[in-house]
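The primary structure of each chain is shown beneath.
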Amino acid sequence: MVPDRPPAGMDAAIDPAAGPQALRLAAHTVPSVIVDPDDQSLDRPLQAPPPGRVGLLAGAGKFPFRFAQAARAGGHEVFAVGVQGMCDPELADYCDGYREAPICKAGSMIRKFRRAGVREVVMAGKVTKTVFFEPWRVFKLMPDWRALSIWFHHARRDKKDDTLLLAVIAEFARSGLTVGSALDYAPELLVPHGFLTDRQPTPKQWEDIRFGWTLAKEMGRLDVGQSICVADKAVMAVEAIEGTDKCIERAGELCRRGGFTVVKVAKPQQDRRFDVPTVGETTLRTMHAAGARVLAIESGKTIMIDRGPMMDLADRLGIAVVSLNAEELSLKAAA
């Protein structure tokens, strides 16, 4: 594996006029402080759990693999339950135990974790929610009683991501399973602050970043999506149930000249246990194919998979990647 790029200091704010040496900022560190166990926001300091057995509820993508590697390197045993049809079965090679369960068999997932002696579970990987809206969904998915309880007792008000996932957490808790944050085990996956590529946004692209940031935060507050595509301070596409890649593809269809900016942020109410914004090489390849030139993400609140190889790819594709926060965007706007 190609190592991550060398870090620099954490405290420097991003200066659009600074050169490439202002980038590659320090990796995330775990503060040794007392934390409130009821605080599940991303603002809570991360704290490494003591070695033990941890359950992994795994969806699609590389995130489950990186979590399993990091957790085992930290002295933990990892028992994974992969969501059937979404999780890559090769995850079994990275875990101490592995089983699969259909997406609507919550009871089966719980039984598998309990039989493996798991008491804490983390979620990692993408779960495609569109399967819940296919024709004849009840007959295709064949939900068990636990899944029906989640769907009808907890999610009758709405089917937003937060509503459904908090309902899953509540159902797991009824069986004595605590759901924790994968980031406590793998804090190095959080993206550092700074310019992450040699290429940097132009002044016009900084205007699009500022414009898109506020709108993306509002979409997150409404629990609609976390990404927005902007060109010349016009919204090309907003992420919803389809996911980030499809959102970028749609923006490319509407902005045929290319050159648009993708802004991806955490929700204001982001729960650290699930749905933390994640980017990887697939994000960059989708952007390149659609004609996007800038990726702006939120520092310390975004997961970046394989940061070193990803930034090398961004440089080759001519995509600027910048990791920043709302406070410095406000200062730049005022200036």
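For the structure itself, consult the block above.
Below is a summary of the structure that appears in this document.

Parameters and conventions
- Residues numbered from 1 in each chain as written.
- Predicted model: local features only at pLDDT ≥ 70, side-chain atom pairs only at ≥ 80, totals over all residues.
- Heavy atoms only, no water.
- Core = buried A, V, L, I, M, F, W, Y, C linked by side-chain atoms within 4.5 Å.
- Buried < 20%, exposed > 50% of the residue type's maximum accessible area, 1.4 Å probe, protein only.
- Helix = DSSP H or I, 4+ residues; strand = E, 2+ residues; numbered from the N terminus.
- Contact = heavy atoms within 4.5 Å.
- 1 Å grid on protein atoms, 1.4 Å probe; cavity = no way out; pocket = protein on both sides within 12 Å on 5 of 7 lines; lining within 4 Å.
- Points joined across faces, edges and corners; volume = space filled by probe spheres on them.
- Nonpolar A, V, L, I, M, F, W, Y, C, P; charged D, E, K, R; others polar.
- Pairing = 2+ DSSP bridges.
- Axes fitted to C-alpha atoms, helices over the stretch in contact; angles between N-to-C directions.
- Parallel < 35°, antiparallel > 145°, perpendicular 65-115°, else oblique.
- Right-handed = clockwise from strand over helix to strand, strands pointing away.

### Thoughts on the nonpolar core
Leu57, Ile103, Phe113 and Phe172 are the most contacted members of the largest nonpolar core, which has 30 residues in total. Only β2 (77-83), α2 (106-115), β4 (120-124), α4 (145-154) and α5 (161-174) provide two or more residues apiece to this core. The greatest single-element share of this core, amounting to 5 residues, is contributed by α5. Counting 29 residues, the second largest nonpolar core, distinct from the first, contains Val54, Ala68, Ala186 and Ile303.

### Observations regarding unusual backbone geometry
Positive phi, close to 60°, is recorded for Lys233, a residue that is not glycine. Within the fold, Lys233 resides in the loop between β7 (227-231) and β8 (234-238). Residue classification places Lys233 among the partly exposed residues on the basis of a relative accessible area of 44%. Even without glycine at this site, Asp275 takes up a positive phi of about 60°. Looking at where Asp275 falls in the secondary structure, it is placed in the loop between β9 (261-264) and β10 (278-279).

### With respect to the side chain of Thr261
With respect to the element layout, Thr261 can be found in strand β9. Not counting the four nearest positions on each side in its chain, Thr261 is found in contact with Gln205, Asp208, Ile209, Ile228, Cys229, Val230 and Val294.

### Regarding the environment of Leu164
Take Leu164: it is sitting in helix α5. For the pair Leu164 and Trp151, spaced 13 residues apart in the sequence, the C-alpha separation amounts to 7.7 Å.

### Side note on the layout of surface pockets
For the second largest pocket, the calculated volume is near 280 Å³. Secondary-structure elements contributing two or more residues to the lining of the second largest pocket are α5 and β5 (178-180). Top contributing element to the lining of the second largest pocket by residue count: β5, with 3 residues. Classifying every residue of the lining of the second largest pocket gives 8 nonpolar, 5 polar and 5 charged.

### With respect to the sheet that holds β5
If you walk across this open sheet you meet the 5 strands as β3-β2-β1-β4-β5, and the pairing is parallel. Of all strands in the sheet, those bounded by a partner on one side alone are β3 (97-101) and β5. The average angle at which neighbouring strand axes cross in this sheet is 30°, direction not considered. Where β2 and β3 come together, 5 bridges link them in parallel fashion. The residue bridging Val83 from the neighbouring strand is Ala101, located in β3.

### Things to note about the packing of helix α8 (residues 281-290) against helix α9 (residues 307-317)
Contact geometry for α8 and α9: axes closest at 9 Å, N-to-C directions at 10°. As summarised for this structure, α8 and α9 are arranged roughly parallel, according to the angle between their axes. Between α8 and α9, the contacting residues are Glu281, Leu284, Arg285 and His288 on the first element and Pro309, Met310, Leu313, Ala314 and Leu317 on the second.

### Comments concerning the environment of Gly318
Structurally, the position occupied by Gly318 is in the loop between α9 and β13 (320-324). When its relative accessible area of 18% is taken as the criterion, Gly318 is described as buried. Linking Gly318 and His288, residues 30 residues apart in sequence, is a C-alpha distance of 8.4 Å. For Gly318, the residues in contact, after removing those within four places along its chain, are Arg199 and Arg293.

### Some details on the pairing of β2
With respect to burial, β2 is a largely interior element, 6 of its 7 residues being buried. The sheet contact formed by strand β1 (residues 53-58) and β2 spans 6 bridges and is parallel. Following the sheet pairing, Leu57 is matched in β2 by Val81. As for the winding sense of the linkage, the β-α-β connection from β1 through helix α1 (residues 63-73) to β2 is right-handed.

Functional significance is not addressed by these values, which are geometric in nature.
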